[in-house]
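Chain by chain, the residues:
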2 protein chains.
Amino acid sequence: MSEFPSSRRESVVLYLKSLRDRIVADFETLEASQARFERSPWDYQKGSGGGEMSVIRGETFEKAAVNWSGVLGTKFPGSDADGPFFATGVSLITHMKNPKAPTVHFNIRYLETPEKFWWGGGFDLTPMGFPYAEDTAHFHAVAEKALSPFGPDIYPSYKERAAEYFYIPHRKRERGVGGIFFDHLNTGDLERDFALWKSVGDHFLEAIMPIYGRRLRETWSEADRRLQLERRGHYAEFNLVYDRGTRFGFLSGGNPEAILCSLPPLASW
Amino acid sequence: MSEFPSSRRESVVLYLKSLRDRIVADFETLEASQARFERSPWDYQKGSGGGEMSVIRGETFEKAAVNWSGVLGTKFPGSDADGPFFATGVSLITHMKNPKAPTVHFNIRYLETPEKFWWGGGFDLTPMGFPYAEDTAHFHAVAEKALSPFGPDIYPSYKERAAEYFYIPHRKRERGVGGIFFDHLNTGDLERDFALWKSVGDHFLEAIMPIYGRRLRETWSEADRRLQLERRGHYAEFNLVYDRGTRFGFLSGGNPEAILCSLPPLASW
């Protein structure tokens, strides 16, 4: 691992694991059953390092997965150049039992090659048939709050990139109600970029927890459930056909269980 | 449509529609409920022609889709060359309610560009957690019978190509128990190639119907059902991540409902 400045890698990984612990702890306060997140470590087969998958299957969270990973590989996936790379991040997706409670996706990641390093991440919200304007407004307001200290243009720009990224071409519409997305961030100001990236991580729970506080109390019918399962099918389509994280995972020889644990517990077509 | 020899196209389309009708009729004899295949026509938006989706959602066939399509477009998907193309075929996938009854996939297609024309197709079997050696042997024996009149090497070669095509890299195994697959067939002997292609079509029902006759009588438990839904998840992964037909459909601007109607009615991860 000597190719990389290990102190920066260490502080990034410490932040990611601490954030993962906070998210798991807050989510567990919402779970109505005795189910808890179960953590499974895995090793990266095409290099060193690995990850920890944390998965809950309960009554409130029909399935949710929070993954931390940190891998050192020899060839960056999709790149022509040889040479080592380092990639670490936290990624999560929720699938709620209650159709009125939306799916949320969050990811922050840090990558290094010998030539450069960069930050990426974001979070986005996908109602499963039942969008609430109040929830969408809150989610975007927190995203804006996370990014506004870094300049007035950042939030609109990252919001626009999320709208582009989470577009499903064959269905000709966005996956959900949007959020923020950024990648390849490196302005040359390391302190600032790291702070922005952590601000996205630090605001995620504030963006989603009040929404779950409201929606997990809603009643729902079997017809609501059927609509939810259909929308989950569209979500799985996006993840398998278009999502770069999923394709990066396959290309880099990542653990398929960790890559695919974001797929819905049950979906219909 | 004047770029193409219309008499050949017509006989191909007549054969395909007649085969579609035979398959639908035979499948309906198996259906325990009152459900029947419902046919929906659709128009090809990026050219002329279109297709007919036939979908059943019943008790025996939890979902099955038999699609005929025949489209004339202006630019062959994935090709750099401009110029018209003609593509017609029948494609089907079954998802049985009984976990002991396997999913079957069948497709035959005929394609023309101004420079060339070719035949493709095949069929393959995917047990959903419950493979029966007797079924696999029967399925392959009928495939061999369909191809043996055309030379002793054809069946082994097409069987090998199915094993390659239906391999799921990220799960490091084949999708099911195999079958036959061929593409870009044009030996210069039009009569022979057309006959081989029709023989694959004509043998499909003989390959699958006896298997359904046996397996639809098997009893099954909720645990069997859970395993089936997991295997259906893997099947959906293959179709969305790797299948060329699905990607061809998206790239060519095909009807997403027709492309995705092969996805399982219910799947779990």
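Structure's up top.
Residues numbered from 1 in each chain as written. Chains lettered and ligands numbered in written order. Predicted model: local features only at pLDDT ≥ 70, side-chain atom pairs only at ≥ 80, totals over all residues. Heavy atoms only, no water.

**Some details on the interface of chain A and chain B**
Between chain A and chain B, the contact holds 22 residues from the first and 22 residues from the second. Counting the surface lost from both chain A and chain B, the interface buries some 1900 Å², and carbon and sulfur atoms represent 64% of this. Taken as a group, A:H170, A:L240 and A:W269 account for 35% of the area that chain A buries against chain B, more than any other trio of residues on that side. The tally of links between chain A and chain B comes to zero salt bridges. Put simply, chain A and chain B have nine residue pairs in polar contact (both at pLDDT 80 or more) between them. No other element matches helix α5 (residues 222–241) of chain A, which puts five residues into the side of chain A that touches chain B. Here the side of chain A that touches chain B is composed, by residue class, of 14 nonpolar, two polar and six charged. Taken together, the three bridges between strand β10 (residues 266–268) of chain A and strand β10 (residues 266–268) of chain B define a ladder with antiparallel strand orientation. Looking across to β10(B), one finds that A:A267 is bridged to B:A267. (Contact = heavy atoms within 4.5 Å. Buried area = accessible area lost by both parts, 1.4 Å probe. Salt bridge = Lys/Arg side-chain N within 4 Å of Asp/Glu carboxyl O. Polar contact = N/O pair within 3.5 Å; in protein donor to acceptor, adjacent residues only side chain to side chain. Helix = DSSP H or I, 4+ residues; strand = E, 2+ residues; numbered from the N terminus. Nonpolar A, V, L, I, M, F, W, Y, C, P; charged D, E, K, R; others polar. Pairing = 2+ DSSP bridges.)

**Section: the packing of helix α2 (residues 133–147) of chain A against helix α4 (residues 190–215) of chain A**
Residues and elements named next belong to chain A. Remark: α2 packs on α4, axes separated minimally by 8 Å, with the N-to-C direction vectors making an angle of 160°. Relative to α4, the element α2 is oriented roughly antiparallel. Here α2 and α4 pass one another in a crossing that is right-handed. Contacts from E134, D135, H138, F139, V142, K145, A146 and L147 in α2 reach L196, S199, V200, H203, E206, A207, P210, I211, R214 and R215 in α4. A per-class count over the contact of α2 with α4 returns nine nonpolar, three polar and six charged. (Axes fitted to C-alpha atoms, helices over the stretch in contact; angles between N-to-C directions. Parallel < 35°, antiparallel > 145°, perpendicular 65-115°, else oblique. Left-handed = near helix turned anticlockwise from the far one by under 90°.)

**Focus: the packing of aromatic side chains**
All names here are of chain B. Counted under the stated rule, the structure contains 46 aromatic pairs over all chains. On the numbers, 4.5 Å between centres and 45° between planes, the contact of Y110 with W119 is tilted. Residue Y110 is classed as buried on the basis of its relative accessible area, which comes to 0%. Ring geometry for F123 and F139: centres 5.3 Å apart, planes at 75°, overall edge-to-face. Of this pair, F123 sits in strand β6 (residues 117–126) while F139 is found in helix α2 (residues 133–147), placing the two residues 16 residues apart along the sequence. With respect to class, F123 is no different from F139; both count as buried. (Phe/Tyr/Trp six-rings, centres within 6.5 Å; stacked < 30°, edge-to-face > 60°. Buried < 20%, exposed > 50% of the residue type's maximum accessible area, 1.4 Å probe, protein only.)

**Some points on the relation of the copies chain A and chain B**
Between chain A and chain B, the superposition needs a rotation of 180° and an axial shift of 0.1 Å, giving an RMSD of 0.0 Å. Taken together, the rotation and translation describe the operation of a two-fold axis. Mapped onto chain B, 100% of the interface residues of chain A again fall at the interface, so both copies present the same surface. (Least-squares fit on C-alpha atoms with pLDDT ≥ 70 in both.)

**Remarks on helix α1 (residues 6–30) of chain A**
Residues that lie three or four places apart on an α-helix share one face, since the helix turns once every 3.6 residues. Compared with the 36 Å implied by 1.5 Å per residue over 25 residues, the 37 Å span of α1(A) between its first and last C-alpha is a close match. Looking at α1(A), one finds that the buried residues are A:R8, A:R9, A:V12, A:V13, A:Y15, A:L16, A:L19, A:R20, A:I23, A:V24 and A:F27. (Expected span 1.5 Å × (residues − 1).)

**Quick look at the environment of B:W197**
Residue and element names in this part refer to chain B. The topology assignment puts W197 in helix α4 (residues 190–215). The spacing of W197 and R109 is 88 residues in sequence and 8.7 Å in space, taken between C-alpha atoms. Once residues within four sequence positions are removed from consideration, W197 is found in contact with V12, Y15, L16, I108, R109, Y110, W119, G120 and F182. Of the polar contacts made by the side chain of W197, one reaches the backbone oxygen of R109; its length is 3.0 Å.

**Some points on the sheet that holds strand β2 (residues 47–56) of chain B**
All names here are of chain B. The sheet built from seven strands is open, its strands ordered β1-β2-β3-β4-β5-β6-β9 with antiparallel pairing. Sheet topology places β1 (38–43) and β9 (178–185) at the edges, where each strand pairs with a single neighbour. On average, each strand axis in the sheet is tilted by 10° relative to the strand beside it, whichever way the strands run. Strand contacts of α2: β5 (103–112), β6 and β9, with the helix running at about 30° to β9, the strand carrying the most contacts.

**Let's talk about the pattern of salt bridges**
Residue and element names in this part refer to chain A. What the rule picks out here adds up to 39 salt bridges over all chains. One salt bridge connects R109 with D183, and the closest N-O pair in it is separated by 3.6 Å. Pair noted here: R109 is in strand β5 (residues 103–112) and D183 is in strand β9 (residues 178–185), with a separation of 74 residues, a long-range link. Given the relative accessible area of 14%, D183 is considered buried.

**Digging into the sheet that holds strand β4 (residues 85–96) of chain A**
Within a beta sheet, neighbouring strands are joined by backbone hydrogen bonds and run either parallel or antiparallel to one another. Residues and elements named next belong to chain A. Spatial strand order, β1-β2-β3-β4-β5-β6-β9: seven strands in an open sheet with antiparallel pairing. Of all strands in the sheet, those with a lone pairing partner are β1 (38–43) and β9, marking the two edges. Direction aside, neighbouring strands of the sheet carry axes that sit 10° apart on average. Where α1 meets the sheet, it contacts β1, β2 (47–56), β3 (61–73), β4, β5 and β6 (117–126), and its direction lies at approximately 10° from that of β4.

**Thoughts on the nonpolar core**
A:F27, A:F106, A:W197 and A:F204 are the most contacted members of the largest nonpolar core, which totals 51 residues. Per-element tally for this core: the top contributor is α4(A), with eleven residues. The residues touching A:F27, leaving out its near neighbours within four places in the chain, are A:F37, A:F61, A:L92, A:T94, A:F204, A:L205, A:I208 and A:M209. In this structure, B:L19, B:F27, B:F106 and B:A207 belong to the second largest nonpolar core, which totals 50 residues. (Core = buried A, V, L, I, M, F, W, Y, C linked by side-chain atoms within 4.5 Å.)

**Let's talk about the pairing of β4(A)**
Residue and element names in this part refer to chain A. Burial analysis of β4 places eleven of its twelve residues in the buried class, which makes it a mostly covered element. Across twelve bridges, the pairing between β3 and β4 is antiparallel. Looking at the pairing, A65 lines up with I93 of β4. Of the pairings in the sheet, the one linking β4 to β5 comprises eight bridges and is antiparallel in character. Bridge pairing links L92 to F106 in β5.

**Here's the deal with the side chain of B:D193**
Mapped onto the secondary structure, B:D193 falls in helix α4. The residues contacting B:D193, other than those within four sequence positions of it, are B:W119, B:L185, B:N186, B:T187 and B:G188.

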